Structures are given as C-alpha cells and as structure tokens.
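# Descriptive analysis of the structure
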Amino acid sequence: MTDRHLVAALRDLLGPDGVLDDAASQRVYARDASHLEVGTPSLITLPRNTEEVAGIVRHCLDADLPYVARGAGTGLSGGALPTDGAVVISLCRLRDIIELGPGAVCAGPGVTNGDLDRRLARRGGSFAPDPSSQDASTIGGNIAENAGGPHCLKVGTTVRHVRGLTWVDPLGEIRTTGAGTPGWDLTPLLVGSEGTLGVVTAADLVVTPRDEATATLLVYVTSLEDSARAVITLLESGLLPAALEVVDGPMLALVERAFAFGFRTDAAAAMIVEFAGPADSVAADADTARVLLEQANAQVLVAADDQERLALWRCRKRAFGAVGRLSPNYVTMDVAVPVGCLPAMVTAVQEIARRYDVEVATALHAGDGNLHPGVMYDARDEELTRRAHKAADAIIEAALSLNGTVTGEHGVGVEKLHVLPRQLDPVALEIMHGLRRLADPRNLCNPGKLLPGEPGAAVPPPTPQATRFDRDALAVTAPAGATLAEVRRTAAAHGLRIAGADGPDDETLGHAFLNRRRTAGDSRGRLSDGVLQVWARTGDGRALHSGRPVVKNVAGYDLPRLLAGTGGSLVTLEGLMLSARPESDMSPLDRSAAVPSPASWVPRPADGFLEGMKALFDPDGVLPPPQGLEGRP
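The structure displayed is predicted, hence computed values, not measured ones.

One finds Leu116, Phe513 and Met613 to be the most contacted residues of the largest nonpolar core, which totals 131 residues. The element contributing the most residues to this core is helix α14 (residues 382–401), with ten residues. Beyond its immediate chain neighbours, meaning those up to four positions away, Met613 contacts Trp184, Leu186, Leu435, Leu438, Leu562 and Leu570. Within the second largest apolar cluster, 23 residues are counted, among which are Leu10, Ala54, Leu444 and Cys445.

Below you can see the structure in the form of structure tokens.
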C-alpha cells in the first residue's frame, strides 16, 4: 500500500485530478498493446509540465519507489509496463506544440504522431516517421522506441528527426541535449532507450517539407519469395521508394475479410510501392518500377487518385488489427535482416510455420528488411499456444542466423529479454549496463526493461581490414583509416552515396565520424545518420563491437550513434559499416536549432553524466581529454 503521505504530497503537486489510485485505473495502466503482464502500479500520476514530472521523480526517489513513463499504451513489447507498486507517470497532458520556424517544431511527449503531422501539413510540412499506430501513438513513445513505419525507408527512423531533447533524469534534474547545448550529444542514447534513462518532456523535431507529388503502385506477385527478390531488384536499380511494403497471402486474406477493400485473395503476396518528391522524378521512377516489376511477371496497378492511395495505406496499417479481429490470440515479431537476405528469411518463416503446424501471416517493411510475422493461436488450447511461442522464438533465431536483429522497431521491453544476449557481444552489453547504472544508480527508472541480466553471448564479426561493398546490407564497410575518397568511390561504383562523406579526399573515415559536429551546414546529413556497426577499442583495451548490418535495430542502446562526434575521448575507432543510398535520397534535414528553454526553469546539460561516460569507456584516462564539454556548436 502506498504511503498516504506520498499520495498527499503528489496531490499537492499535481492537484486533486492529477493522481489516480483506484483499482480500475490500476488495472488499465498495468497493461498495454503487448498483452503482457508485469505488475500492478500503486499510483498513476498526470503531470502537466516538466517541473511537475521532476517533482514526481523526486518524490519517488524519497519513497524509494520505481516509476515508469507512459504514453498511449500502444507498445508491443511491454516496455512501459509497471512493476508491482510502481508509480506510472502518464505524459498524456504534455501536449504543447511550439513552432520554431521553418524546419523546426518543439512537441510535448503526449502529442500524437498523427496530430502533429496533420498540424504541420497545414503549413506544407510533415513529421516524417509514421508508425502504423500513428493516430494513437505519442511522440514520447516514438522517441522511446525509435519508431519507424512504412515511410522511414527513405527518410529514416525517429532518431534522424530529433534535434534535441529536454528530459528529467533519474535523479530528478531537468536536462537538455542536442544541437546548441554544451557537451556531447546524448540524443542518440535517449532515443530508443525505452524510458530507462529518464523521462522525456519536450522534443525539438525536424519538420520535413511535404512532397510535391506521390505515385503509389499496388503489385501482386506469385510467391512471397518473388516479392522479396523484387525488393532487391528495385533497390539495386538505383530506385529508392518512399515506402516499399509487402503483405503475404494469409495477411492479404485477413485484411480483405476485415475491411473488404477489394484485394485479390488468390495472390501469394501484394506489395505497395510508393514514390514521393518532385512531380517529374516521381513519374519517371514509378514508370521504371512498373516496367521492372512487370518484367518479373507481377501485376501492377496504379492508385488512381489520393483517395485510393490513402485507402491502400489504411488497409496496410490496419493489417494486424485484422489479425486481432479474426484470431483469438497472436504473437508478432519485428525482426529485421539485411535486405539481401529477405528471400532466405521469408522462406525460413514459411518453413517454421510448417514445422510447428501454426498459421502465420506476415507483413513486411520490405525495403528495410523488417518483417512482422504474426503467429496466430487460441490461448485456450495449451498445445497450440506452446507451438506458437516456439515458432516465434524460431523466427527470431532465423533472423539472428542471417545477421539480423531481434527487434527492428518494437523494442526489447520485457518480451525479448531472453533472446537479446544472443545478439549483443559481452563488452557492448557491459557498457550498456554501465550507462544505465551511471544514469540511474538506484534502478528506479523503468526497471527490468531493455537490458537482460545475463551477459552478452554474441561473437563479434572481424574488424574490417579493407573497404568493401556489402551487397546484402547495401552498405560500405571500411577500416577507420580509410579515406573518405575511398569510401565514396566504393559506394559510387554501385550507384550509391554515403550521407556525410563529403569531407576532404584525404580525411580518414574515423576522423570524420568522431569529429563531425552538428552545424547549420549539415543539410546533406552526417556519417552518424547511416552508421550501422562500429568496431572500436575502449581506453583499457577492450574490443567493442556494436550494431548489426540492418537499418532498423533497437536492440539495446544505440552505441554506434552515441560515439559519433565524441572525438577520440571514449574509444579508438577501428572500423565502421555505413548504409549506402541513391543520390536522390539525400534529402535536406536541418538540425541546427537548439531546444527552447521555457522561462519558468533553466535546464542544464548532463555534465556529470558526460564525465561518468568518459570514465566508463576510458577508466584509466589514457585517451585524449574531451573537447567541447564546455560548449559545442
């Protein structure tokens, strides 16, 4: 039972309607869209601003109570579920939107993704990440999970669209990070951290100009493997659609039964291929794609108008809603593999369904190699339930065997804790735990999520010794000493380009990655925008590898992006893998503005955390001292 003095103190802080402790509210806030169960909260708090969030955290510290920030409850891995007796900090009332001028907006974590995008649309802008739950999911949740969605193929996941953050750290202090604030940029660490390092209360976001024109193709293919090969054909041709989605035959039939759109149900799979941008290039790209797909014996239909295009997307984004309507229970994965491994992965999913005698319907963010197989079952049938969960684990194992990730966008939460050690190498996981202890020494901030208790068991791949193109990953792997000219040539030989590799010919890749800072001139991106893997040595000589050869990966903290711009103070960089994209993909994203500071409080940079981070990576202090902790552009 929660101490009545704590309840009284929180009601003094938040008002009588700002604290819920009735049994009905406790039951509601104990669950999310994952249908997992962890515990029952003691209290639900409803703050209205950053200062109130900080006050709640300090009260939890005084009472030694765990707490968890929560958005709309659309999470699919249990990342925001409370432990028994925890305090829930609901951020639904932090809904301010402050327009900062062209290319920038500051949004509260309680703003829904769809509402923000519709507001920006009235001025010709957009918030590009578009998770399927965008009409319900909040900006805070998108940041916690580094959300993606169908249209992140071309524009990138949430982390690429966040310029800075204001958050309350686990000691109750209000902090900021990002462009215009002192110290290393902690934004990549906080994005995707599942609320385990603090509570985000404001986000400075990139506003992307709305596209001039859009062309959407509906494509029917004769096998799921053919659709996977078609994805590779389109990407290798130099095309990069705004979105490239696939649903298999069982999912197609479920969507048609649920929504009666008029889909063919005799096709093995359907693809949605969309191009967006200037009108003439969109028309040309769509026509090229149509020819390539028809040569592969696909049936290609073009959306006649915007209404038909939006109807297609409504049906795609409701795919798992259809599964939920027509199957008593299901478990869905969000594995991702290198895009060149898609044919092998979809074949593996089909074989696993046969092996365990279960029905599986699959939707794919195919251009990213991100699959969502949904294993359907009835929980009243114990044997079927057992087989369904065995099949789910087998699908994850298949993705790992293809150098994929256990989670591309849903997060680890509690659902994937048992499989994560098989993906992370021991040093990477040890450093992740160190970062968490540094931020939250009392382990009260969303405990029991994201990081498993057992050590990492993965064997890291060899450190790159030469610059080479990885066809499966559509990426360039190079040693840190390779020159930018060499990296550019390797990508250009395949008609591709590396974002941020525009420095002097003789500048080394490692120097550019570790020393490139955010400036107003970063409109064509930074190397960190496309970093997939890093190889490095810590100050005490430990070999560190982090990342996978996939563009979507939210399995643990984002160490590759965290290291960008930190100079040589944390690690000695040995190698990188960088995503390569067509030249036309290099759309401008201005990240130069700083997070605004409301007059009622003055946030501080996380100076103590940065100093602790230096000691974590370099305990003996043998690497160069940090440059820029007193202020950076």
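Before going further, it helps to examine unusual backbone geometry. Positive phi outside glycine occurs at His35, with the angle close to 65°. Along the chain, His35 falls in the loop between α2 (23–29) and β2 (43–45). The residue Asn297 is not glycine, and still its phi comes out positive at about 65°. You can see Asn297 is positioned in the loop between α10 (279–295) and β15 (299–302). By relative accessible area, which is 65% here, Asn297 ends up exposed.

Read from one edge to the other, the open sheet built from five strands follows the order β19-β20-β23-β21-β22, with strand pairing classed as antiparallel. On the outer flanks of this sheet lie β19 (468–470) and β22 (543–547), each paired with one strand and no other. Looking at each pair of strands side by side, their axes are set apart by 20° on average, direction ignored. Pairing geometry for strand β21 (residues 531–538) and β22, over five bridges, is antiparallel. Residue pairing in the sheet places Ala536 in a bridge with Leu544 of β22. The strands touched by helix α15 (residues 426–439) are β21 and β22; relative to β22, the strand with the most contacts, the crossing angle is about 80°.

With that settled, the discussion passes to the packing of aromatic side chains. Counted under the stated rule, the structure contains zero aromatic pairs. The aromatic ring of Tyr220 is capped on one face by Arg264, whose charged end is 4.9 Å from the ring centroid.

Two elements in contact, helix α8 (residues 224–236) and helix α13 (residues 342–356), have axes separated by 8 Å at closest approach and are oriented at 160°. Here α13 runs roughly antiparallel to α8, going by the angle between their axes. Crossing geometry of α8 relative to α13 is assigned as right-handed. On the side of α8, the interface is formed by Leu224, Glu225, Ala228, Arg229, Val231 and Ile232, while α13 contributes Leu342, Pro343, Val346, Thr347 and Gln350.

This part covers the confidence of the model for the chain. Looking at the chain as a whole, the pLDDT averages 91, with 94% of positions reaching at least 70. Every residue in residues 586–600 is under pLDDT 50, and counting partners more than four places away or in other chains gives 47 contacts.

Right, let's get into the pattern of salt bridges. For the structure shown, the criterion picks out 41 salt bridges. Close ionic contact of Arg160 with Asp529 constitutes a salt bridge, the shortest N to O distance being 3.9 Å. On the criterion of sequence distance, the pair formed by Arg160 in the loop between α6 (152–155) and β8 (162–168) and Asp529 in the loop between α17 (509–515) and β21 is long-range, its members being 369 residues apart. We note that Arg160, like Asp529, is buried. Taking the shortest distance from any N to any O, the salt bridge between Asp204 and Arg163 comes out at 2.9 Å.

Right, let's talk about the side chain of Lys154 for a bit. You can see Lys154 is positioned in helix α6. A polar contact of 3.2 Å, which involves the side chain of Lys154, links it to the backbone oxygen of Ala276.

The next subject is the pairing of strand β6 (residues 104–107). Alternating positions in β6 separate into two faces, Ala104 and Cys106 on one and Val105 and Ala107 on the other, with burial throughout. Of the pairings in the sheet, the one linking strand β5 (residues 97–99) to β6 comprises three bridges and is antiparallel in character. When the bridges of β6 are listed, Ile98 appears paired with Cys106. Joining the antiparallel neighbours β5 and β6 is a turn of four residues, in which Gly101 adopts a positive phi near 110°. In the sheet, β6 pairs with strand β10 (residues 199–206) via four bridges, with the strands oriented antiparallel.

Quick notes on the rules
Residues numbered from 1 in each chain as written. Predicted model: local features only at pLDDT ≥ 70, side-chain atom pairs only at ≥ 80, totals over all residues. Heavy atoms only, no water. Core = buried A, V, L, I, M, F, W, Y, C linked by side-chain atoms within 4.5 Å. Buried < 20%, exposed > 50% of the residue type's maximum accessible area, 1.4 Å probe, protein only. Helix = DSSP H or I, 4+ residues; strand = E, 2+ residues; numbered from the N terminus. Contact = heavy atoms within 4.5 Å. Pairing = 2+ DSSP bridges. Axes fitted to C-alpha atoms, helices over the stretch in contact; angles between N-to-C directions. Phe/Tyr/Trp six-rings, centres within 6.5 Å; stacked < 30°, edge-to-face > 60°. Lys NZ or Arg CZ within 6 Å of the ring centre and 35° of its normal. Parallel < 35°, antiparallel > 145°, perpendicular 65-115°, else oblique. Left-handed = near helix turned anticlockwise from the far one by under 90°. pLDDT = per-residue confidence, 0-100. Salt bridge = Lys/Arg side-chain N within 4 Å of Asp/Glu carboxyl O. Polar contact = N/O pair within 3.5 Å; in protein donor to acceptor, adjacent residues only side chain to side chain.

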